[in-house]
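# Architecture and fold: a report
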Amino acid sequence: MTGRQPPTTTLWRPTGPKELDLVRTLDWRAWPPRLPEQPIFYPVLNEDYAIRIARDWNVPHDGAGYVTRFEVESEFLSRYPVQQAGGRTILELWVPAEELDTFNAHIVGTIQVVHAFR
């Protein structure tokens, strides 16, 4: 048998510099634990939505915004219904903070920065 990789789904995450530094310390393979005021981890399902958040929210709030892209096992993601957070392309997953370690275990490959805004 070959070690075939399970099918994956591409997700994006807009992030500020502090969270990105924490991802770097985790060797680009996991998201850091949520803060007490962050009960949900929100990866998004399309790059344009992630760009808007990084550029329009993270930059004014944190001085910089980044868009990351990463792959997660599709079968695992099926436990999280897609949430529509506005228009039809504003789609995200809501991962409870207490499930983030399990979510991280299903990331395939590394988390990559694909856009940076200042």
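Overview of the structure. (Residues numbered from 1 in each chain as written. Predicted model: local features only at pLDDT ≥ 70, side-chain atom pairs only at ≥ 80, totals over all residues. Heavy atoms only, no water.)

Moving on to unusual backbone geometry. Of note, the phi angle at Asp 27 is positive, near 55°, even though the residue is not glycine. In this structure, Asp 27 sits in the loop between helix H1 (17-25) and strand S2 (40-41). The phi dihedral of Trp 28 is positive, around 60°, even though this residue is not glycine. Along the chain, Trp 28 turns up in the loop between H1 and S2. (Helix = DSSP H or I, 4+ residues; strand = E, 2+ residues; numbered from the N terminus.)

Turning next to the nonpolar core. By size, the foremost hydrophobic cluster in this structure holds 15 residues, and its most contacted members are Trp 31, Phe 70, Val 72, Leu 77 and Phe 103. For Phe 70, the contacting residues outside a window of four places in its chain are Thr 9, Thr 10, Leu 11, Trp 12, Arg 13, Trp 31, Pro 43, Phe 103, Ile 107, Thr 110 and Ile 111. The next biggest cluster of nonpolar side chains, apart from the first, holds 10 residues, and it includes Ile 51, Val 59, Ile 90 and Phe 117. (Core = buried A, V, L, I, M, F, W, Y, C linked by side-chain atoms within 4.5 Å. Buried < 20%, exposed > 50% of the residue type's maximum accessible area, 1.4 Å probe, protein only. Contact = heavy atoms within 4.5 Å.)

Attention shifts here to the sheet that holds strand S7 (residues 107-117). Across the sheet, 3 strands lie side by side as S1-S3-S7; this open sheet has antiparallel pairing. The open sheet has two edge strands, strand S1 (8-15) and S7, and neither has a second partner. Across this sheet, the average inter-strand angle for adjacent strands is 20°, counted without regard to direction. Across 7 bridges, the pairing between strand S3 (residues 65-73) and S7 is antiparallel. Along S7, the bridge assignment pairs Val 72 with Ile 107. Together, S1, S3 and S7 form the strand contacts of H1, whose direction differs from that of S1 by roughly 135°. (Pairing = 2+ DSSP bridges. Axes fitted to C-alpha atoms, helices over the stretch in contact; angles between N-to-C directions.)

Let us look at the environment of Val 108. Inspection of the secondary structure puts Val 108 in strand S7. For the pair Val 108 and Thr 9, spaced 99 residues apart in sequence, the C-alpha separation works out to 9.5 Å. Setting aside chain neighbours within four positions, we find Val 108 in contact with Gln 5, Thr 8, Glu 71 and Glu 73.

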